[in-house]
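Summary of structural features
What follows is each chain in one-letter form.
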Amino acid sequence: MTDSKYFTTTKKGEIFELKAELNSDKKDRKKEAVKKVIASMTVGKDVSSLFPDVVNCMQTDNLELKKLVYLYLMNYAKSQPDMAIMAVNTFVRDCEDANPLIRALAVRTMGCIRVDKITEYLCEPLRKCLKDEDPYVRKTAAVCVAKLHDINAQLVEDQGFLDHLRDLLSDSNPMVVANAVAALAEINESSPTAAALIDMNSQTVNKLLTALNECTEWGQIFILDSLANFTPKDEREGQSICERVTPRLAHANAAVVLSAVKVLMKFMEMLDPSTDYTIALTKKLSPPLVTMLSSEPEIQYVALRNINLIVQKRDRKSVV
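No experiment lies behind these values; they were computed from the predicted model shown. (Residues numbered from 1 in each chain as written. Predicted model: local features only at pLDDT ≥ 70, side-chain atom pairs only at ≥ 80, totals over all residues. Heavy atoms only, no water.)

**What to know about helix α19 (residues 297-313)**
With 17 residues, α19 extends 24 Å between its outermost C-alpha atoms, agreeing within 8% with the 24 Å of an ideal straight helix rising 1.5 Å per residue. Of all the residues in α19, the buried ones are Ala303, Asn306 and Ile310. Considered in projection along α19, the buried side chains sweep an arc of 65° and stay on one side of the axis. Residues of α19 that are exposed and point more than 90 degrees away from the buried face comprise Pro297, Glu298, Tyr301, Arg305 and Gln312. (Helix = DSSP H or I, 4+ residues; strand = E, 2+ residues; numbered from the N terminus. Expected span 1.5 Å × (residues − 1). Buried < 20%, exposed > 50% of the residue type's maximum accessible area, 1.4 Å probe, protein only. Arc of directions from axis to C-beta.)

This is the structure we're talking about:
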């Protein structure tokens, strides 16, 4: 798709030519035609008249071609809702494909198409994908629940998808856990009046801490932000969590470091400030924040705000 030949100026009758190529029996010719359609769409040309022809290209085993067709669908489905229904059967079939990449791609695309008529058909495939044997499909389905909630919150609650997300917090794969936390956090944020969706008990916290070491940096941020909402039952539990979160202070991503600082500051409120452990932990907060002062101005500002708050809350001598 980086080849400039796909972005040449529209010639007279090109739509007609593309239509013929999209209905060609030759797979390579069909794929080239879809690439030209996507290129035209990318530069703002209206190729919506080719909708039924592009949709017919969905029925292929070629992953690259399927991705291109799905991209086209996400762009035009809202303006062509009646035509988009034509793709539903293929979506449902792809959600049961032997290839996990195709299953994940299908459920992700259905979640991105904001058309009510398609949303009705998404529930059953999504339910299956949330219990899929492949972790990549499960983590994709978790994010899809949050997208579906944004379209139709009542449907998500009625279909029991929130319970499915909570079940994924116990998943053996850390990325699935991280995406479940992210989805629940996003849903909770979009419904400020709703009760906390994650029951932050000791068992859940332990699962999140286990996943923390193995998921991506953005997954770590969501997990750390959720941990900040937990209140330890005693000082021992608070110290145990601090010990497992402290290594995040050495992370290269400033957002991970700041999320870790937030958790530590919250739990340090429960610790005896005069103990050697608390004094040592307070001193560990300084180096990563000072290092951020060499970053971009926005990060410098956030780091200085955090340093100011820490100095106000903790004894100055213990911070330095």
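Once you've had a look at it, read on.
**A few points about the packing of helix α4 (residues 63-76) against helix α7 (residues 100-112)**
Geometrically, a packed helix pair is captured by the angle between its two axes and the distance between the axes. Axis separation between α4 and α7 bottoms out at 10 Å; the angle between their running directions is 5°. Viewed along their axes, α4 and α7 adopt a mutual orientation that is roughly parallel. Along the contact surface, α4 presents Leu63, Lys66, Lys67, Tyr70 and Met74, while α7 presents Leu101, Ile102, Leu105, Ala106, Thr109 and Cys112. (Axes fitted to C-alpha atoms, helices over the stretch in contact; angles between N-to-C directions. Parallel < 35°, antiparallel > 145°, perpendicular 65-115°, else oblique. Contact = heavy atoms within 4.5 Å.)

**A closer look at the pattern of salt bridges**
Overall, the coordinates contain twelve salt bridges when judged by the stated rule. A salt bridge links Arg127 to Glu124; the shortest N-O distance between them is 3.0 Å. You can see Arg127 and its partner Glu124 sitting in helix α8 (residues 116-130), three residues apart, about one turn around the helix. By relative accessible area, Arg127 is classed as buried at 19%. (Salt bridge = Lys/Arg side-chain N within 4 Å of Asp/Glu carboxyl O.)

**Topic: the side chain of Thr204**
Mapped onto the secondary structure, Thr204 falls in helix α13 (residues 202-212). Those residues in contact with Thr204 that sit more than four places away from it in its chain are Leu169, Ile198 and Asp199.

**Quick notes on the packing of aromatic side chains**
Taken as a whole and assessed by the stated rule, the structure comprises four aromatic pairs. Taking 5.0 Å as the distance between ring centres and 40° as the angle between the ring planes, the aromatic pair formed by Tyr70 and Phe91 counts as tilted. Placement of the pair is Tyr70 in helix α4 and Phe91 in helix α6 (residues 88-94), with a sequence separation of 21 residues. Classification of Tyr70 as buried rests on a relative accessible area of 1%. Residue Phe91 is classed as buried on the basis of its relative accessible area, which comes to 0%. Grouping aromatic residues by their ring pairs yields a cluster made of Phe51, Tyr72 and Tyr76. (Phe/Tyr/Trp six-rings, centres within 6.5 Å; stacked < 30°, edge-to-face > 60°.)

**Here's the deal with the environment of Phe230**
Along the chain, Phe230 falls in the loop between α14 (217-227) and α15 (235-245). The class for Phe230 is buried, based on a relative accessible area of 4%. Residues Phe230 and Met86 lie 144 residues apart in sequence; the distance between their C-alpha atoms is 47 Å. Leaving out residues up to four positions away in the same chain, Phe230 has contacts with Met200, Asn201, Ser202, Val205, Glu237, Ile241, Lys266 and Phe267.

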